[in-house]
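So you can see what is in the structure, the chains are spelled out below.
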Amino acid sequence: MLVTGPDGKIVLVNELAEKMFGYTRDRLLGMSVEQLIPERFHARHTAQRHQFLCRPELRTSAGTKAVLPALRADGSEFPAEINLKPVDTGSVLLVAASIRDMTLRHREEEQLRALSIELERLVAARTDDLEQANRDFRATFERASVGIAHIGPDGRLLRVNETLCDIVGYGKDELLSLTFQDITHPDDIDADLALMHRVLAGEMSSYAIDKRFLHRSGEVVWSTLSVSLVRDSQGVPQYFISIVKSIDDRKRAEAELQKNKESLERAINATGLGMFDFYPQTGRAEWNTEMKRHFGLSANAATGYDVFVAGLHPDDRARIEKIVREVMRPGASGHYQTEYRTVGIEDGVERWIEARGRVYFDGKGMPVRFIGTTLDITAQKRVEEALRARERQLQLIVEANPIGVARGTIDGRVLEANAAYLRILGANSEDVAAGRLRWDVQTTAEHSMSDAKAIADAQAYGVSGLYEKELLRCDGTRVPVLITCAVIDQSRDLVAFVLDISERKRAEERIRQTSLHDPLTGLPNRGLLFECAARIFSGVRRAHKHTAVLYFDLDRFKPINDNYGHQVGDEVLKQVAKRLTETIRGADSVFRLGGDEFLILLSEIHDDAQAGDVARHLLWEISRAYYVHGLELTLSTSIGISVYPRDGQDLETLMSHADAALYRAKQVGRNGVQFYSEELAAKARQQSRIEEQLKSALSRSDFELHYQPVVDMHTAQLTGVEALLRWPNSHVGPDLFVPIAEATGQIARLGEWVICEACRQHKEWCERGLPPIPIAVNVSAVQFRHDDFAEQFASLLEDEEVGMGALQVELTETALMENLDRAIDVLRRLQEMGIKISLDDFGTGYSSLNYLSRLPINKIKVDKSFVQRIEHDSASRAITEAVIALGRTLKLEVIAEGIESESALSYLRSHGCSHAQGYHVCKPLSGEVFEEWYRAREGKACLPGAAVFVS
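What counts, and at which threshold
Along each chain, residues carry numbers from 1 onward, in the same order as the chain's sequence is written. Totals for whole chains, interfaces and linings use all residues, but because this is a predicted model, local features are given only for residues with pLDDT of at least 70 and pairs of side-chain atoms are given and counted only at 80 or more. Excluded from the side-chain calculations are hydrogens and water; all other atoms, namely the structure's heavy atoms, are used. Secondary structure elements are defined from DSSP: runs of H or I of at least 4 residues count as helices, runs of E of at least 2 residues count as strands, and each element is numbered from the N terminus. The classification of residues rests on relative accessible area computed with a 1.4 Å probe and restricted to protein chains. Under 20% of the type maximum is buried, over 50% is exposed, and intermediate values are partly exposed. Two residues form a contact once any of their heavy atoms are found within 4.5 Å. Any two strands with at least two DSSP bridges between them are considered paired. UniProt positions are given in the numbering used here, feature names are shortened, and annotations may be inferred rather than shown by experiment. Under this scheme, a helix contributes an axis fitted over its contacting stretch, all axes are lines through C-alpha atoms, and angles between N-to-C directions fall in the 0 to 180 degree range. Remark: nonpolar core denotes a set of buried residues (Ala, Val, Leu, Ile, Met, Phe, Trp, Tyr, Cys) joined through side-chain atoms within 4.5 Å. For a helix, the expected span equals 1.5 Å multiplied by the residue count minus one. Salt bridges are counted wherever a side-chain nitrogen of Lys or Arg sits within 4 Å of a carboxyl oxygen of Asp or Glu. Residues form patches when they are more than 30% accessible in relative terms and have no salt bridge. Like charges link within 9 Å. Nonpolar side chains (Val, Leu, Ile, Met, Phe, Trp, Tyr) link within 5 Å. The accessible surface values rely on the Shrake-Rupley method and a 1.4 Å probe; as for residues, cover is taken only from the protein chains in view. Angles below 35 degrees are treated as roughly parallel, those above 145 as roughly antiparallel, those between 65 and 115 as roughly perpendicular, and all remaining angles as oblique. Crossing handedness is defined as follows: a turn of the near helix away from the far one that is anticlockwise and smaller than a right angle gives a left-handed crossing, while the clockwise case is right-handed.

Caption draft 1: Layout of the environment of Arg356. Locating Arg356 in the fold gives a position in strand E14 (residues 350–361). Owing to a relative accessible area of 41%, Arg356 belongs among the partly exposed residues under this scheme. Along the primary structure Arg356 and Thr338 are separated by 18 residues, whereas in three dimensions their C-alpha atoms are 6.7 Å apart. What Arg356 contacts, discounting residues up to four positions off in sequence, is Phe276, Tyr336, Gln337, Gly372 and Thr373.

Caption draft 2: Up close: the pairing of strand E7 (residues 157–160). Pairing geometry for strand E6 (residues 147–151) and E7, over three bridges, is antiparallel. By the bridge assignment, Ala149 is partnered in E7 with Val160. Count of turn residues in the E6/E7 antiparallel hairpin: five residues, of which Gly155 carries a positive phi of about 95°.

Caption draft 3: Just the UniProt feature "domain: PAS" (unreviewed entry) in the protein chain, in detail. Listed under "domain: PAS" (unreviewed entry) in the UniProt record, and renumbered for this structure, are residues 1–39, 133–203, 260–331 and 390–432. In this annotation, residues 1–39 is assigned 28% helix and 18% strand; the end-to-end C-alpha distance for the span is 21 Å.

Caption draft 4: Molecular detail of the sheet that holds strand E1 (residues 2–4). Taken in spatial order, the five strands of this open sheet run E2-E1-E5-E4-E3, and their pairing is antiparallel. The open sheet terminates on both sides in strands that have one partner only, identified here as strand E2 (10–13) and strand E3 (64–71). The average undirected angle you get between the axes of adjacent strands in this sheet is 30°. Note: E1 against E2, three bridges, orientation antiparallel. Looking at E2, one finds that Val3 is bridged to Leu12. Those strands touched by helix H3 (residues 42–54) are E3, strand E4 (77–88) and strand E5 (93–101), and its axis lies near 150° from that of E3.

Caption draft 5: A look at the nonpolar core. Counting 86 residues, the largest nonpolar core has Phe793, Leu830, Leu855 and Phe930 as its most contacted members. If one sorts the elements of this core by residue count, helix H25 (residues 747–767) sits on top with eight residues. The contact partners of Leu855, leaving out residues within four places of it in the chain, are Leu816, Met817, Leu820, Ile824, Leu827 and Leu839. Core analysis: the next-biggest nonpolar cluster, separate from the first, contains 32 residues, Leu523, Val576, Ala577 and Leu602 among them.

Caption draft 6: Molecular detail of H25. Along its 21 residues, H25 runs 30 Å from first to last C-alpha, staying within 8% of the 30 Å computed at 1.5 Å per residue. Every buried residue of H25 is listed here: Ile747, Leu750, Gly751, Val754, Ile755, Cys756, Glu757, Ala758, Cys759, Gln761, His762 and Trp765. Downstream of H25 by one or two residues, Gly769 has phi in the positive range, about 95°.

Caption draft 7: Region of the structure containing the pattern of salt bridges. Under the definition given, this model contains 59 salt bridges. Residues Glu385 and Arg388 are paired through a salt bridge, measuring 3.0 Å at the closest nitrogen-oxygen approach. Placement of the pair is Glu385 and Arg388 together in helix H12 (residues 378–400), with a separation of three residues, close to one helical turn. Residue class for Glu385 comes out partly exposed when judged on its relative accessible area of 35%. Judged by relative accessible area, which is 38%, Arg388 ranks as partly exposed. Residue Arg869 pairs with Asp873 through a salt bridge whose shortest N-O separation is 2.9 Å.

Caption draft 8: Spotlight on the UniProt feature "domain: PAC" (unreviewed entry) in the protein chain. Following the UniProt record, the feature "domain: PAC" (unreviewed entry) maps to residues 207–259 and 336–389 here. Overall, residues 336–389 shows 22% helix and 56% strand. The separation of its end C-alpha atoms is 30 Å.

Caption draft 9: How the structure looks around the sheet that holds strand E8 (residues 206–214). Here five strands make up an open sheet; going across it, the order is E7-E6-E10-E9-E8 and the pairing antiparallel. Edge positions in the sheet fall to E7 and E8, since each has one partner strand and no second. Mean inter-strand twist for the sheet, computed between neighbouring axes without regard to direction, equals 30°. Against the sheet, helix H7 (residues 186–200) touches E8, strand E9 (220–231) and strand E10 (237–246), its axis set at about 155° to E8.

Caption draft 10: Up close: a nonpolar patch on the surface. Nonpolar side chains collect at one region of the surface, where Ile403, Phe497 and Leu499 lie side by side and expose about 220 Å² of accessible area between them. Mapped onto the elements, Leu499 comes out in strand E20 (residues 493–500).

Caption draft 11: Summary view of the packing of helix H27 (residues 789–799) against helix H29 (residues 820–832). With their axes 9 Å apart at the nearest point, H27 and H29 run at an angle of 25° to one another. Overall, the two elements H27 and H29 adopt an arrangement that is roughly parallel. Like other packed secondary-structure pairs, H27 and H29 cross with a definite hand, here right-handed. The residues of H29 that touch H27, namely those facing Phe789, Ala790, Glu791 and Phe793, are Val826, Arg829 and Leu830.

Caption draft 12: The arrangement of the environment of Asp500 in detail. Relative to the helices and strands, Asp500 resides in strand E20. C-alpha of Asp500 to C-alpha of Leu425: the two residues are 75 residues apart in sequence and 9.7 Å apart in space. Setting aside residues no more than four positions away along its own chain, Asp500 makes contact with Ile424, Val479, Pro480 and Val481.

If you want it as structure tokens, here you go:
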């Protein structure tokens, strides 16, 4: 708002005027109004203002309007609408000018004019487009690849195109005379009409269905029908637009596919396979009938992942859900194979299911499809459980079986063993787990060939025959067993069935002993007499000593039987036997020959006097009173004595001579002793001479050791040597001077020299590159009697700086049997130190069979007297075989001494003897010559068949 005076000067302005023109109030006041109008309009404005002031009739109460350009302070112009009103103050006529910026209005008017022009252009263009669209629509309608029809609400066909005519086989005019019901299959009319009514009712705007049309020829044409409704501006239905596309080929293909699918499903169902097809992104799942059955569902039951989870056994649910999540994880392999249990959702039946499947992923790694199969393995699981139960039963049977059962490899490793097998070997399950049990290690060397044959038979025939052998227990002892083995499924595993026959063997031995002993008195009978005599004679013959045969019967025994009966007589005989057993020496033997006849073998005597002393002591013992059933009875006896070998070289001769002496004793008055006569003076003189020579030889160390090899019969390898004492240039053998040394107290020094010399030779051989060859030294009974013998022996080895295994001890039965309990203690101490023990001249000591099993020894040596006669003496063969069998039973090395022929070697080898010694192998050699002998055979066989050094 501006107020000007008659002169056109501004006298009043408001804030809007300031803003509109860009001047301050102070600047505007006093300014000529023409300054706010472009110069080109000054004259016009001045004339209009002058006319407004001068001609009142032109002024109205509403004011006078004019539109002129206005000028801002910055020189810019803008259109302004000016409304002038007079203001009469009484003295001066002022003009109030209301000014309105018309810039925006003019701009809008310009835009409106431009829009009007554009609208006129568009209307003209739209008219052209509509005409073109109509032409295009008609072309599209007619040329469309689908059938198109406009159908009135009453069902009449209003317009149709050629494609629809082709689909149903009618001409256009003919078709337009029909309703859509006329060309629809009767079974599809109701469904189509129901949908049309819903569209007419406004419930839906359109619909699409697969339906059947009737061809003019009467054939059915499958088509996809899409229908929408056209209404006018008031919503009144005008006509339906129906789009028809023939899907006859697709329907035939679908029918064929369905047929094939049904055939495939029948085939799959016949195999018992369930099938599932799961779409993780939509949750859609398809199961075949068999899959539903696996989850206890009926054929028409709904399926889905939730149903799958619900049907899983509670104990398997979390595990399977985790597996499914993992297999569908992006980046996973997608392969699915597992087993689980289901609990039938409808039937409650528990089933075992094996499932396999594959997950397919899209380009982003997300799972889009999961397909697979299921198989009911419940029956298989039941069979497996039954098999496991059967296996547990069999395991229990095997474990409870008293027969040892072990499974192992053919090369000897034991993989499994039952308690009986472990008990037989003295082992435990930890030994099996650690691989410490091996058949080859637990088998003694002499049975290796039997094992090899059994394994070959098992591989060839599935099972071997039964055979006996000995197994080495973990503690080194032997156990006799009956064994057979079988091969498992042609594999390299063997199963061995092992029966401990120790008790049977002991029973057999008891039977044998019973057959060799008198049932009344328990004394050895005539059957055992010859065996014991042969052993004793052999021992004393090697030692060039004597033994005596004491042959006697009971005087006045017949009256006891006659007067008091056989029961009393038998009791007397028992007491006599007891007194005889308690009276004789430990190494001697007493026999009952029958009736009241007895015989005593004195294992070793120095002279007739010794035998006479024994005999006289027997006279005294037998003559003491006997108390039987309240009776006091007395007896006497007469004893005849023959001395071996002076009076005979065999038992029969000696018995005959002793019997003759007995007869003589009875002749001279009974209750006496009579020798078979022989002079001993020459022998006494000889012993005295040798005694003196021994003293000198010991002081000068005139003795030597020769070494005779001991060889393994099976491997032909050297296992040790025996040190044999020699006295050069004396022409006296050890069997003569050793007893004299024992009798005269010189044996201790001589024995110590033998031990030290053997140690020296052992060290020398080792220093010269020979292996540590064990040397066996003979220890006399006198040496062995020392209480600290074991400690003295070990001390000598320590002093000589050799190991405890360097020397071995050989003892005769006589030395051991003098005091058996003490001998066992000494031998045990030696063994604990690592020193091996050999029992020398085995078979000649009459107590060996009774006490051998108690002795802690490692080896027995078959006396050469038996070995040298095995080729022509059946008794020697029998004794030798018995000794070998006994040694094997006790798991001892059996060494045959005195082998002098190949035939003897072969015989002993074939009967299980493990080691050989004798001139046929090699005669005793000096230490130096033995070294040459050994080097000549190093790495070669040491038995005949290779070159054997015997010179």
